[in-house]
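# Observations on chain architecture
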Amino acid sequence: MKNALKQDLENIGEILENVKNHSLDFLHQLHDLPTYATDQQIVPAMLQTEGLGAEKCLEFFKETYQKLIVASTGPRFWGFVTGGATPAAIAGDWLTATFDQNTQSTKGTGDVSAIIERETIRFLCQLFDLPEQFNGGFVTGATMSNFTGLAVGRQWAGSKLGIDISKSGMSSDIVVMSATPHSSVIKSLSMLGFGSNNLLKIETLDSREAMDVADLEVKLIAQHGKPVIVSCSAGTVNTVDFDDIAAIVRLKEKYDFWLHIDAAFGGFAACSPEHKHLLKGWEHADSITIDCHKWMNVPYDSAVILVKNEHARLQVETFQNTNAPYLGDPSENFSYLNFLPENSRRFRALPAWFSLIAYGKSGFQSVVENSIARANELRAYIEQSESFELAAPVRLNVVGFRLKDLKADLGAFLTSLNEGGKVFMTPTTLQGKACIRAAFVNFRTTSEDVKIAIQALEETVIANESPVS
Ligand SMILES: *Cc1c(COP(=O)(O)O)cnc(C)c1O
């Protein structure tokens, strides 16, 4: 073993102590750290023959790159749908690296991590009030969840045509329909051989992103029995609009399609008694996508795909890694190796397991309700503001708004707001008009943070006012 590595092993206690203190410094400063780095230049370095060792490496990182890290895990990063990391989730994530398990089988490898992963999936079903009829697993993000759910849907559709697509290849007779799919659903269609151009778009309701279910029925009838996959949105990113799942489920009884629900962050509405009606009927889905690194506030690299137990055989056909025949009850002889895209996998469930045990159902209810309350504080401000107006109703935890002065350059306004580093938001387009959206999912966000953001908005309005001529 080379010297630096040998010394590091002897000094592991000090190294971790330093990392702990360094992490604490970051977390304690998080509230005031900028949400934007104007300087993103790094000086290209050369890989050295002799290593520095972990402690000097940490010093080097601190001096050179740390200042470029933005507070995206902090309370005022409202761009995209960006969650933070709770203390329990950080603890679980740290231990995931320490234990360094390869999470595959519930049997035979002497490793309990896959059993804990299945337990975590059961806890999540309980959190969401879903029946425990889903085989679930952790993947890297909702993009991979959508990919996995649609892949099993593809295998189901093939079976309707009498084809084993995993063995024989793709059929062009399968139809995928959606109204306002997330971009990652389109990307999945590319990756799965459907072709992203071949999505059959369902009309949306007037001034909404939700599916027009009457149009869905018309388009289902027009397929004359071709197998169909319907990909629903349970929470669009722009306006958090929900497809009417209960109505779609009624059509499913009539026309028998694969129902995939992208509930990446909207699934967490189930944690709030006041909002869980938005997901009514979702237990009838064939596959459901849930992101853990958004509203669950688990560090990145964490999402779940739930697939109905009854489709276990199709799921194994899709992802089977070995040539061994499918061996009966998956709970008896279960290996993620044959259920999900990845083979070797980290112990990805552990941060979520820690969070669920640490905070329980009431903890997640309060995280979700806090986000919704903060979103409504910003909404209330926008509604009475002289400079801004809402661009869409606030249905859950996202506020879409624009400048009242439609001649103003919204892009320049947003850049200038973001560069201030107090709050970060992202642009989007609603009904053909540019607007700004603020998404609330971070558990740290308080009313005080909303006030800081409002002040930043007002200062940016003044700074961007054209000089009076
Ligand atoms: C974020 C998101 C995705 C993609 O998730 P990643 O975790 O970025 O892969 C898919 N669908 C919806 C609705 C999302 O909000």
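Structure first, text after, so check above.
Residues numbered from 1 in each chain as written. Predicted model: local features only at pLDDT ≥ 70, side-chain atom pairs only at ≥ 80, totals over all residues. Heavy atoms only, no water.

### Describing the environment of Glu386
Residue position: Glu386 is located in the loop between helix H12 (350-384) and strand S8 (388-390). Residue Glu386 is classed as exposed on the basis of its relative accessible area of 76%. Remark: the alpha-carbon pair of Glu386 and Val398, spanning twelve residues in sequence, is separated by 21 Å. (Helix = DSSP H or I, 4+ residues; strand = E, 2+ residues; numbered from the N terminus. Buried < 20%, exposed > 50% of the residue type's maximum accessible area, 1.4 Å probe, protein only.)

### Focus on the nonpolar core
Counting 91 residues, the largest nonpolar core has Phe128, Ile261, Trp282 and Ile288 as its most contacted members. Considering each element in turn, this core owes the most residues, seven residues, to helix H6 (residues 142-160). Discounting chain neighbours no more than four positions away, the residues touching Ile261 are Cys232, Ala234, Ile245, Trp282, Ala285, Ser287, Ile288 and Thr289. Counting 25 residues, the second largest nonpolar core, distinct from the first, contains Ile382, Leu417, Val450 and Ile454. (Core = buried A, V, L, I, M, F, W, Y, C linked by side-chain atoms within 4.5 Å. Contact = heavy atoms within 4.5 Å.)

### Describing H6
Over its 19 residues, H6 extends 27 Å from the first C-alpha to the last, a length consistent with the 27 Å expected when each residue adds 1.5 Å. Of all 19 residues in H6, 16 are buried; the element is thus mostly enclosed. (Expected span 1.5 Å × (residues − 1).)

### What about the environment of Val304?
When you line up the elements, Val304 lands in strand S7 (residues 303-308). Val304 gets classed as buried once you look at its relative accessible area, which sits at 1%. Here the alpha-carbon distance between Val304 and Asn146, two residues 158 residues apart in the chain, equals 9.5 Å. Excluding its chain neighbours within four sequence positions, the residues that come into contact with Val304 are Ile121, Leu124, Gly137, Phe138, Ser145, Ile288, Thr289, Ile290 and Cys292.

### So, the packing of H6 against helix H11 (residues 312-319)
Where H6 meets H11, the closest approach of the two axes is 9 Å, and the angle between their N-to-C directions is 105°. One finds that H6 runs roughly perpendicular with respect to H11. Listed contacts from H11 to Phe147, Thr148, Ala151, Val152, Gln155, Trp156 and Ser159 of H6 are Leu314, Gln315, Glu317, Thr318 and Phe319. Looking at the contact of H6 with H11 residue by residue, the class counts come to six nonpolar, five polar and one charged. (Axes fitted to C-alpha atoms, helices over the stretch in contact; angles between N-to-C directions. Parallel < 35°, antiparallel > 145°, perpendicular 65-115°, else oblique. Nonpolar A, V, L, I, M, F, W, Y, C, P; charged D, E, K, R; others polar.)

### Focus on H11
The periodicity of an α-helix, 3.6 residues per turn, causes residues three or four places apart in sequence to face the same way. Of all eight residues that make up H11, six are buried, and the element is covered over most of its length. Buried within H11 we find Ala312, Leu314, Gln315, Val316, Thr318 and Phe319. Buried positions along H11 lie against strand S1 (134-139), H6, helix H7 (165-168), strand S5 (258-262) and S7.

### A look at the packing of aromatic side chains
For the structure on display, the rule yields 15 aromatic pairs. Look at Phe61 and Tyr65: their rings are 5.9 Å apart centre to centre, the planes differ by 65°, and that puts the pair in the edge-to-face class. With a relative accessible area of 33%, Phe61 lands in the partly exposed category. The interplanar angle of 5° and the centroid separation of 4.5 Å between the aromatic rings of Phe77 and Phe424 together place this pair among those described as stacked. Taken together, the positions of Phe77 in the loop between helix H3 (54-64) and helix H4 (87-99) and Phe424 in the loop between helix H13 (410-419) and strand S10 (426-430) put the pair 347 residues apart, joining distant regions of the chain. This pair shows no difference in class: Phe77 is buried, exactly as Phe424 is. In this structure, Arg118 packs its charged tip against the face of Phe334, placed 3.9 Å from the ring centre. Cation over ring: Arg345 sits above Tyr336, and NZ or CZ is 4.4 Å from the ring centre. (Phe/Tyr/Trp six-rings, centres within 6.5 Å; stacked < 30°, edge-to-face > 60°. Lys NZ or Arg CZ within 6 Å of the ring centre and 35° of its normal.)

### Remarks on the pairing of S7
Among the six residues in S7, six count as buried, and that is most of the element. Bridge count between S1 and S7: six bridges; the pairing is antiparallel. Paired with Phe138 across the two strands is Val304, which belongs to S7. One ladder, built from five bridges, connects strand S6 (residues 287-291) with S7; its direction is antiparallel. Paired with Ile288 across the bridge in S7 is Leu306. (Pairing = 2+ DSSP bridges.)

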